[in-house]
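Spelled out, the chains give:
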Amino acid sequence: MGIADQFKDKAQELADQAKKKTNEGKGTGREARGEGRERAQGASQRASKTSQQGRDRAQGAADDTRERFDR
């Protein structure tokens, strides 16, 4: 086997590795987007819950204040 054949073989090996990594990266990106979407939905739900709790507390404070001044 000559040097030219060795270079061709090595070049083909490296090309195959690059192609494999490229294909692996595609799946990882999709998974990451899915995980990011799930995290965003969870954060949105937590923010909504926290916002509702804040409204409930504010309503309770307003009711307490009304009761104090209605006397």
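(A) A look at the overall build of the protein chain. Helix and strand counts for the protein chain stand at one helix and zero strands. Within the span of the protein chain, comprising 71 residues, buried residues form 1% of the whole. With the model as given, the accessible surface of the protein chain reaches about 6600 Å², and the carbon-plus-sulfur share is 50%.

(B) The pattern of salt bridges, seen in detail. Inspection of every chain in the model, using the stated rule, returns three salt bridges. Between Arg 39 and Glu 35 there is a salt bridge, with its nearest N and O atoms 3.7 Å apart. Of this pair, Arg 39 and Glu 35 both sit in helix H1 (residues 3-70), four residues apart, which is roughly one turn of that helix.

What counts, and at which threshold
Residues numbered from 1 in each chain as written. Predicted model: local features only at pLDDT ≥ 70, side-chain atom pairs only at ≥ 80, totals over all residues. Heavy atoms only, no water. Helix = DSSP H or I, 4+ residues; strand = E, 2+ residues; numbered from the N terminus. Buried < 20%, exposed > 50% of the residue type's maximum accessible area, 1.4 Å probe, protein only. Areas by Shrake-Rupley, 256 points an atom, 1.4 Å probe, with all protein chains shown as cover. Salt bridge = Lys/Arg side-chain N within 4 Å of Asp/Glu carboxyl O.

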